[in-house]
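In case you want the letters, here they are:
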Amino acid sequence: YMVLLENSHRMNSRGQWDFLRTAARDLVMRGLPSSAHLGVVLFNEAAHVAHPLALLGEAGKSRTRQSVALQIKSKHALSPSEGSCVQCAVARAVESLGEGGVLILISRADNISVDLLPLLIKHRLQLFSIALPEAGVTAVGSKSLERLAHASGGSAALVVPETIQDED
């Protein structure tokens, strides 16, 4: 598994970074089996491997799990950049995984190219995504992401921003 996590400051545009960080850390600490190998790619305008693939070990007792979880930093460490290069993140994941694996993408999903599908298929990678589009941005990018995830054998979820409704 590779978690591909967008860490641009725009990921906190609605103040949701603390929630995302907690959920991602919980996935690392308790959500995957002890036999899983997991790495983390952080991305914005560029991407880097924040933690290489490592065997997680037993939940609650593994220093590796803690080491991986600590790579998901607080909102104060978010990149000031506004870009979101999903292609860069997938490329870093391919370098780490080689053949076969699962990509878990958490992103605003506003810059997705279906050109990624041949790369996913070639390397036998399944894409599972959680898209968090900004308020006012419809799910245009999310539709591409959904098609890409399903075509790779994965699935996609869209977290829609709450809208403020007038009280009558």
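Just so you know, these numbers come straight off a predicted model, no measurement behind them.

This paragraph deals with helix H1 (residues 17-31). Of the positions making up H1, those classed as buried are Trp-17, Leu-20, Ala-24 and Val-28. Down the axis, H1 shows its buried residues gathered within 70 degrees of arc, on one side only. Turned more than 90 degrees off the buried face of H1, the exposed positions are Phe-19, Thr-22 and Arg-30. Buried residues along H1 sit in contact with strand E1 (2-6), strand E2 (37-43), helix H2 (63-69) and strand E4 (101-107).

We now examine the side chain of Ser-129. Examined against the element boundaries, Ser-129 turns out to sit in strand E5 (residues 125-131). Owing to a relative accessible area of 4%, Ser-129 belongs among the buried residues under this scheme. Not counting the four nearest positions on each side in its chain, Ser-129 is found in contact with Leu-105, Leu-145, Ala-149, Ser-155, Ala-156 and Ala-157.

In the predicted model, the chain carries a mean pLDDT of 86, and the fraction of residues at 70 or more is 89%. Of all secondary-structure elements in the chain, the lowest mean pLDDT belongs to helix H5 (residues 140-151), at 80, while E2 reaches the highest, 96.

On to the nonpolar core. General note: in soluble globular proteins, nonpolar side chains tend to be found buried as a group. The biggest cluster of nonpolar side chains holds 23 residues, and the ones touching the most others in it are Leu-4, Val-90, Leu-103 and Leu-127. Listed by contribution, the elements that provide at least two residues to this core are E1, E2, helix H3 (86-97), E4, helix H4 (116-122), E5 and H5. In terms of residue count, the dominant contributor to this core is H3 (6 residues). If we ignore the near neighbours within four places in the chain, the residues touching Val-90 are Leu-4, Leu-103, Leu-116, Leu-119 and Leu-120. Within the second largest apolar cluster, 22 residues are counted, among which are Leu-5, Leu-32, Leu-38 and Leu-132.

Attention now moves to the pattern of salt bridges. Counted according to the given criterion, the structure contains 6 salt bridges. Here Glu-6 makes a salt bridge to Arg-108, at a shortest N to O gap of 2.6 Å. Of this pair, Glu-6 sits in strand E1 while Arg-108 sits in the loop between E4 and H4, placing them 102 residues apart in sequence. Neither residue differs from the other here; Glu-6 and Arg-108 are each classed as buried.

Here we take up the pairing of E4. Taking burial as the measure, the 7 residues of E4 include 6 buried ones, the bulk of the element. In this sheet, E4 lies alongside E1 in parallel orientation, the contact comprising 4 bridges. Bridge pairing links Met-2 to Leu-103 in E4. When E4 meets E5, the two strands line up parallel, connected through 7 bridges. Among the inter-strand pairings, Gly-101 is bridged to a residue of E5, identified as Leu-125.

Cut-offs and rules
- Residues numbered from 1 in each chain as written.
- Predicted model: local features only at pLDDT ≥ 70, side-chain atom pairs only at ≥ 80, totals over all residues.
- Heavy atoms only, no water.
- Buried < 20%, exposed > 50% of the residue type's maximum accessible area, 1.4 Å probe, protein only.
- Helix = DSSP H or I, 4+ residues; strand = E, 2+ residues; numbered from the N terminus.
- Arc of directions from axis to C-beta.
- Contact = heavy atoms within 4.5 Å.
- pLDDT = per-residue confidence, 0-100.
- Core = buried A, V, L, I, M, F, W, Y, C linked by side-chain atoms within 4.5 Å.
- Salt bridge = Lys/Arg side-chain N within 4 Å of Asp/Glu carboxyl O.
- Pairing = 2+ DSSP bridges.

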